[in-house]
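# Per-entry structural report
Residues per chain are reported as follows:
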Amino acid sequence: MFGKGASSSKSMEIIGSEKKFSVLIVDDDPIIRKIHGALVSKFTTEIQEVKNGKEAVDLCRSGASFDIIFIDKKMPIMNGLEATKELRAMGVNSTIVGVTSCDLSSERNDFIAAGQNQCYEKPLTIEKIKSLLSELNKNN
């Protein structure tokens, strides 16, 4: 599909919406990728998964584009903050959402300073995803 690291692609229309979103899930933990992929697949049309920030950057550099990128903070090779800075420097204007297992209050400033639009504690929930998609639908 898009090369090494792209492990999943699913299609489903967002419930009750005309807009279909493409999503990239970036996390080194395969269990978290699976959980987040399953939750997101209830709402979105297209999902890609990669296991570190470098793979996300490479995927976007190769021409892939996404409406939403859910990205972990702590990953090997390239962490989520470094990847976000690189993506923004490349002109990627996706909504980038940091996802962390750390205390969210202490992480929020780091996420926003790196160029992320939002941040959530792991794991994602249906409510968090619905809220984000609702906000994106209002803005599109």
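Just so you know, these numbers come straight off a predicted model, no measurement behind them.

Attention now moves to the sheet that holds strand 1 (residues 22–26). With parallel pairing, the 5 strands of this open sheet are ordered in space as 2-1-3-4-5. Since the sheet does not close on itself, it has two edges, and those belong to strand 2 (46–50) and strand 5 (118–121), each with one partner. Neighbour-to-neighbour, the strand axes of the sheet open up by a mean angle of 20 degrees, direction not taken into account. When strand 1 meets strand 2, the two strands line up parallel, connected through 5 bridges. The residue bridging Val23 from the neighbouring strand is Ile47, located in strand 2.

With that settled, the discussion passes to the UniProt feature "modified residue: 4-aspartylphosphate" (unreviewed entry) in the protein chain. UniProt's entry tags Asp72 with the feature "modified residue: 4-aspartylphosphate" (unreviewed entry), counted in the numbering of this structure. Relative to the helices and strands, Asp72 resides in strand 3 (residues 68–72). Apart from residues no more than four positions distant in its own chain, Asp72 is found in contact with Val26, Asp27, Asp28, Gly80, Val99, Thr100 and Lys122.

This next bit is on the pattern of salt bridges. Applying the stated criterion across every chain, the model contains 6 salt bridges. Close ionic contact of Asp27 with Lys122 constitutes a salt bridge, the shortest N to O distance being 3.0 Å. Of this pair, Asp27 sits in the loop between strand 1 and helix 1 (30–40) while Lys122 sits in the loop between strand 5 and helix 5 (126–139), and the two are 95 residues apart along the sequence. For Glu86, the salt bridge identified is with Arg61, shortest N-O distance 2.9 Å. Of the two residues, Glu86 sits in helix 3 (residues 80–89) while Arg61 sits in helix 2 (residues 53–61), which places them 25 residues apart along the sequence.

Below, the discussion takes up the packing of helix 2 against helix 3. Their axes nearest at 8 Å, the elements helix 2 and helix 3 cross at an angle of 15 degrees. By the angle class used here, helix 2 and helix 3 are roughly parallel. Handedness of the helix 2/helix 3 crossing: right-handed. Where helix 2 approaches helix 3, its residues Gly53, Ala56, Val57, Cys60 and Arg61 are matched on the opposing element by Ala83, Glu86 and Leu87. Taken together, the residues that form the contact of helix 2 with helix 3 break down as 5 nonpolar, 1 polar and 2 charged.

Thresholds, definitions, all that
- Residues numbered from 1 in each chain as written.
- Predicted model: local features only at pLDDT ≥ 70, side-chain atom pairs only at ≥ 80, totals over all residues.
- Heavy atoms only, no water.
- Pairing = 2+ DSSP bridges.
- Helix = DSSP H or I, 4+ residues; strand = E, 2+ residues; numbered from the N terminus.
- Axes fitted to C-alpha atoms, helices over the stretch in contact; angles between N-to-C directions.
- UniProt positions renumbered as here; feature names shortened; annotations may be inferred.
- Contact = heavy atoms within 4.5 Å.
- Salt bridge = Lys/Arg side-chain N within 4 Å of Asp/Glu carboxyl O.
- Parallel < 35°, antiparallel > 145°, perpendicular 65-115°, else oblique.
- Left-handed = near helix turned anticlockwise from the far one by under 90°.
- Nonpolar A, V, L, I, M, F, W, Y, C, P; charged D, E, K, R; others polar.

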